[in-house]
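# Architecture and fold: a report
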Amino acid sequence: MLSTRIIPCLDIKNGRTVKGVNFEGLRDAGDPVELARRYSAEGADELVFLDITATNERRKTLIELVRAIAREISIPFTVGGGITSVDEIADLLHAGADKVSLNSSIVRDPDLITRAAARFGSQCIVAALDAKRTNGSWNIFVKAGTEDTGLDTLDWALEVYRRGAGEILLTSMDKDGTKSGFDNDLLSRVSALVPIPLVASGGAGTISHCIDAVQLGKADAVLAASIFHFREIEIHDLKVQMQQSGIPVRLS
Amino acid sequence: MIAIIDYKAGNLMSVSNALLRIGADFQVTWKREVLDRADAVIFPGVGHAESAMQALEERDLVSWLQHTTKPVLGICLGMQLLYESSAEGDTRGLGVLPGRLERFDESRGKVPHLGWNAFSELRDHPLLDGLRAEQQMYYVHSYYAPVTGDTVASCDYQLPFTAVAARGNFMGAQFHPEKSGENGEVLLRNFLKMVRG
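What comes next is a walk through the structure.

Cut-offs applied
Residues numbered from 1 in each chain as written. Chains lettered and ligands numbered in written order. Predicted model: local features only at pLDDT ≥ 70, side-chain atom pairs only at ≥ 80, totals over all residues. Heavy atoms only, no water. Phe/Tyr/Trp six-rings, centres within 6.5 Å; stacked < 30°, edge-to-face > 60°. Helix = DSSP H or I, 4+ residues; strand = E, 2+ residues; numbered from the N terminus. Buried < 20%, exposed > 50% of the residue type's maximum accessible area, 1.4 Å probe, protein only. Lys NZ or Arg CZ within 6 Å of the ring centre and 35° of its normal. Pairing = 2+ DSSP bridges. Contact = heavy atoms within 4.5 Å. Axes fitted to C-alpha atoms, helices over the stretch in contact; angles between N-to-C directions. Right-handed = clockwise from strand over helix to strand, strands pointing away.

## Quick look at the packing of aromatic side chains
If you walk through the whole model with that rule in mind, you get 10 aromatic pairs over all chains. Summarising the aromatic geometry, the rings of Y144 of chain B and F161 of chain B are spaced 6.5 Å apart at their centres and angled 55° between planes, so their arrangement reads as tilted. Taken together, the positions of Y144 of chain B in strand β11 (residues 143–144) and F161 of chain B in strand β13 (residues 159–167) put the pair 17 residues apart, joining distant regions of the chain. Given a relative accessible area of 0%, F161 of chain B falls into the buried group. Ring-pair connections join several aromatic residues into one group, and the members of that group are F104, F119, Y139, Y144, Y157, F161 and F175 of chain B. Over the aromatic face of W116 of chain B sits the side chain of R250 of chain A, whose NZ or CZ is 3.6 Å from the ring centroid.

Okay, here's the thing in structure tokens:
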């Protein structure tokens, strides 16, 4: 059985992790490489690094970081945040990233998915969708959830798939940061509609939220940040309870 | 020295990093004289079968690969290209393993098969020394090699398919040992041991 993946997400700024991370025994909790190593040892199935740096140095710092992560850890990782061109994707993949996640740039330029998938293969192109409930359906938002694109999330999910995205990372802007559970209604609709793997994001607060995202939301993977960073939930405990609920997981 | 074949399409950095971590002596190359000097070859690959075969042809590597007697380990697309053909772009492969790659069925589950999965069956093979069926490896692929006489390990997604194939000096893993944590390192170390004899 294919295991449901558990994916910690790390926010990066100027090569350092942003959110306060409460890890005992870490020499430097702001060092993404050390955190990555720790999560990998604790049983994370993949990692996502989201770069929120807004300076001109961004690209260079990020490439160096990706190189360092790729040297150190032997599980897959995705890099996202402000990626706008095929050249930039090439640099990140060449530095050792396994996948890149594309968000605002593909709303502006949907053909970027097509070009990137044609050049590097769909397996490394993740479409990140930020959805917010708007008048009974869900619209796609960009610029950290501040700008309504008017795109319907289900239509957009289908389009990114048709253009060659290999995976969808779906964040509920309504749920993100609330710790009140995932938007399983939205997740299950996208999962039923689009035949590529779906990563659930936004709303993780408890272990049962994560189980619901899989059983009700039909997600193939669960992404979370703060519950892992602040050690509110241990990855191992989460996986044991998922397994007890009948969800296949990787327990090493 | 292990030669990692550089034909542009590959997951070269990941494979190089994995070999660095296990302390292997390797070179990333497509030059014939380096390949001829190598004790073994790793044939990586991600992406599309058709463009990968074109890249191999451009670098004049097809015949060398088909005729080498050195141990060859294909990884992911590299493993798939060892077969005769693939439904992906109706591509002709190297043909050192009989069989044709087929596509997973989107009506029966998500495609690609992406994530960690265990083995459904493991046969005795030096490449698999120390590995148990329940140990999971990381997969990303939309096409699969059916189970044949060359299958030494199988995995199950929609149907049983070849996870590891071996025929003489040609071996291949559908999953990414370089991305499969410690379990993947076991397989890579086994390959090194086979090379050293």
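Next comes the rest of the write-up.
## Examining the sheet that holds strand β12 (residues 151–157) of chain B
Residues and elements named next belong to chain B. The strand order across the open sheet built from 8 strands is β2-β1-β3-β4-β14-β13-β12-β9, with neighbouring strands paired in mixed fashion. The open sheet has two edge strands with one neighbour each: β2 (26–29) and β9 (121–122). The sheet contact formed by strand β3 (residues 40–43) and strand β4 (residues 72–75) spans 3 bridges and is parallel. Note on β4: the bridge partner recorded for V41 is V72. Docked against the sheet, helix α1 (residues 12–21) engages β1 (2–5), β2, β3 and β4, running at close to 165° with respect to β1.

## Here we look at the pairing of strand β10 (residues 198–201) of chain A
Residue and element names in this part refer to chain A. The alternating pattern of β10 places L198 and A200 on one face and V199 and S201 on the opposite face, and all of these are buried. Taken together, the 4 bridges between strand β9 (residues 167–172) and β10 define a ladder with parallel strand orientation. From the neighbouring strand, I168 faces β10, where its bridge partner is L198. Since β9 and β10 lie parallel, the crossover through helix α7 (residues 184–193) that links them has a hand, and here it is right-handed. Taking the sense of rotation as the criterion, the β-α-β connection linking β10, helix α8 (residues 207–215) and strand β11 (residues 221–224) turns out right-handed.

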